[in-house]
Amino acid sequence: MAILSRRIVFLFFVIFLSSSISSLSFSPADEYLVNCGSNVDSTVDNRRFVSDASKVKFFSSEGSVSLQGEDLAPNVPQIYRTARVFARQEKYEFRVREKGTHMVRLHFNRLSSSTIDLNDAEFHVTVNGHVVLRNFNGNDDDSSSKVREFLIWVDVGEVVLRFVPSKDSKLAFVNAIEVISAPKDLIADVATSVSRDGTGKLNGLGKQAMEVVYRINVGGRKVTPFNDTLWRTWLPDDDLFKTVDASSHKAYFTGRIKYRPGGASREVGPDNVYNTARVGNVMSWDFPVSTGYKYLIRMHFCDIASKSLGMLYFNVYINRNLAFQDFDISDSTGYVLASPYYMDFVVDLTADSNNPLGSSITVSVGPSNKTSVDEHGVDAMLNGVEIMKMNNSMGSLDGFVTTDMILTSCPNRRNLSIFIAMMAFMCIFMSFYVVVQRKKVRDDISWTKLPMDVRQDNLKSGNQFAARKP
């Protein structure tokens, strides 16, 4: 009986623990995961991607074909083994229930095939009136597959993605699509603008379209979608870390990350970002970016290195301009160690739009005048960085073009419906003309007097011959 009671208690504990964990996970109001060009659903990182050929139609299949990749490695995920290929402008439409920011992820893998050559791919992509990709070939670097992620504010009840080949001879394609409503606290509406003239407040960020350019786990390993509540990927910072301070080192934490109201949530950043960091005196990270845009820079902090509270003060710099002086992480986190916090900054690189070499964003942390001189003190630290490109004045994330300019730039696609209508009209007109002419010929023949010496066996061929006469 005692053993049975312990088993019952243990079972209730497991049920309670499972329900507690599940209650912490994010459940989006809108979630579409689409496996493009495939006839079957597929599962990646415990997520089910539905075939775009299923009963639930997201697009019209006219003008597109499905493509199966050839000679693929066995470990290539299923969503990168097929693609939907377009020879003309096409669109996917997703009905959404929730107004607000939606995450849109587009997956690309330029497949090898003996039937269709995706080396001929070059296309534009628009999302709800924002140009997000322009003259894209699906694989603009050395990686075999690529995910492009965008944050789009949705006022209306749908998300519309348009794929537009850049020329008549070019193709468009996509391997998989994700459309997911974002948590309300993912993008704050206010950030601190930073320039050489000082800092200020910038409002209205929530309704900006953005592209995630960098998502970096400072001091840690790659974080895969499986280990992130919003299914994001965080990359290590090793290639971007530019400090010359030999005293800097990586810090690791094996305890519990203490999320709290008013701070960063798990949706803002996962445990695997906050339980690693770089600690040092003066540290910098350099991020190459395109000019002509404003950028949102989110810096993630979690004091996993201090031995006690109130010992960590440091300054934050953006492009060598002071962004935050004497940052007191203990005060910001309610005097709780290992509690995450983030700060948002905006820099304006639109004035550098004529620089052909592009630009970069430098993020730095260093000691302040309040930094502890105790041997157990920490000079500065950083856990993670995200950099997001904001749409320009034309609503674009890729060039100074509008959606209307994109949709009218391809004559064949622009005039396709007109051309089809004209061809249909011409066919009807020609059919009507032929019928009238034949009727006229028959009428003329019926009133023509036949010669009396025509043989009977030639009467049947008389009309056919007359019809061929000029």
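Structure shown above.
The sections below set out a description of the structure shown in this document. Quick caveat, the model's predicted, so the values are computed rather than measured.

## Concerning the pattern of salt bridges
Thinking step 1. Going through the model one piece at a time under the given rule, you end up with 20 salt bridges.
Thinking step 2. One salt bridge connects E90 with R88, and the closest N-O pair in it is separated by 3.1 Å.
Thinking step 3. Classification of E90 by relative accessible area gives buried; the value is 9%.
Thinking step 4. One network of salt bridges, in which partners are shared, links R47, R105, E149, E178, R215 and E386.

## Here we look at the packing of aromatic side chains
Thinking step 1. Scanning the entire structure with this criterion turns up 20 aromatic pairs.
Thinking step 2. A centroid spacing of 6.1 Å and a plane angle of 75° characterise the contact between Y92 and F163, whose relative ring orientation is edge-to-face. Of this pair, Y92 sits in strand β6 (residues 90-95) while F163 sits in strand β11 (residues 158-165), and the two are 71 residues apart along the sequence. Exposure class is identical for Y92 and F163. Each is buried.
Thinking step 3. Relative to F123, the ring of F108 lies with its centre 6.0 Å away and its plane at 45°, an arrangement referred to as tilted. In this pair, F108 is assigned in strand β7 (residues 100-108) and F123 in strand β8 (residues 123-127), connecting sequence segments 15 residues apart.

## Some words on a nonpolar patch on the surface
Thinking step 1. A surface patch of nonpolar side chains, about 270 Å² in accessible area, is lined by M394, F400 and M405.
Thinking step 2. Note on placement: F400 falls in the loop between β27 (384-390) and α4 (403-407).
Thinking step 3. When its relative accessible area of 45% is taken as the criterion, F400 is described as partly exposed.

## Side note on the sheet that holds β8
Thinking step 1. Ordered in space as β6-β11-β8-β9, the four strands form an open sheet in which the pairing is antiparallel. Whereas interior strands pair on both sides, the edge strands pair on one side only; in this sheet they are β6 and β9 (130-136). Strand-to-strand twist in this sheet, taken as the mean axis angle between neighbours without regard to direction, amounts to 10°.
Thinking step 2. Here β6 pairs with β11 via six bridges, running antiparallel. Within β11, the residue paired with K91 across the bridge is R162.

## So, the nonpolar core
Thinking step 1. Grouped together as the largest cluster of nonpolar side chains are 46 residues, with contacts concentrated most on M299, I318 and I361.
Thinking step 2. Excluding anything up to four places from it in sequence, I318 contacts V194, I297, M299, A323, F345, V347, I361, T362 and V363.
Thinking step 3. Counting residues in each nonpolar core, the second largest holds 38 residues, with F59, Y92, V104 and V125 among its members.

## What to know about the environment of R134
Thinking step 1. Summarising the element assignment, R134 is placed in strand β9.
Thinking step 2. Overall, the relative accessible area of 30% leaves R134 in the partly exposed class.
Thinking step 3. On a C-alpha basis, the gap between R134 and S396 in space is 9.5 Å, while along the polypeptide they are 262 residues apart.
Thinking step 4. Ignoring anything within four residues of it in the chain, the contact list for R134 reads F123, H124, D398, G399, V401 and I406.

The rules we used
Along each chain, the written sequence defines residue order, and numbers are assigned to residues from 1. In keeping with the model being predicted, local features are shown solely for residues with a pLDDT of at least 70 and side-chain atom pairs are shown and tallied solely at 80 or more, while totals for entire chains, interfaces and linings include all residues. To obtain the side-chain values, all non-hydrogen atoms of the structure were included, while hydrogens and water were left out. For this document, the term salt bridge refers to a Lys or Arg side-chain nitrogen within 4 Å of an Asp or Glu carboxyl oxygen. Summary of the burial criterion: residues with accessible area below 20% of their type's maximum are buried, those above 50% are exposed, and those between are partly exposed, where the area comes from a 1.4 Å probe applied to protein chains only. Whether two aromatic rings pair depends on their centres lying within 6.5 Å, for rings of Phe, Tyr and Trp, where Trp uses its six-membered ring; planes under 30 degrees apart make the pair stacked, over 60 edge-to-face, and the rest tilted. Strands here are runs of E lasting at least two residues and helices are runs of H or I lasting at least four, both read from the DSSP assignment and numbered beginning at the N terminus. Exposure above 30% relative accessible area and the absence of a salt bridge qualify a residue for a patch, where like charges join within 9 Å and nonpolar side chains (Val, Leu, Ile, Met, Phe, Trp, Tyr) within 5 Å. A 1.4 Å probe and the Shrake-Rupley method give the accessible areas. Residues count as covered only by the protein chains that appear here. One bridge is not enough; two strands pair if DSSP finds at least two bridges between them. Throughout, an axis means a line fitted to C-alpha atoms (over the contacting stretch in the case of helices), and angles, computed between N-to-C directions, take values from 0 to 180 degrees. Only buried Ala, Val, Leu, Ile, Met, Phe, Trp, Tyr and Cys residues count toward a nonpolar core, and they belong to the same one when joined by side-chain atoms within 4.5 Å. Contacts were defined at the residue level, with two residues in contact if any of their heavy atoms lie within 4.5 Å.

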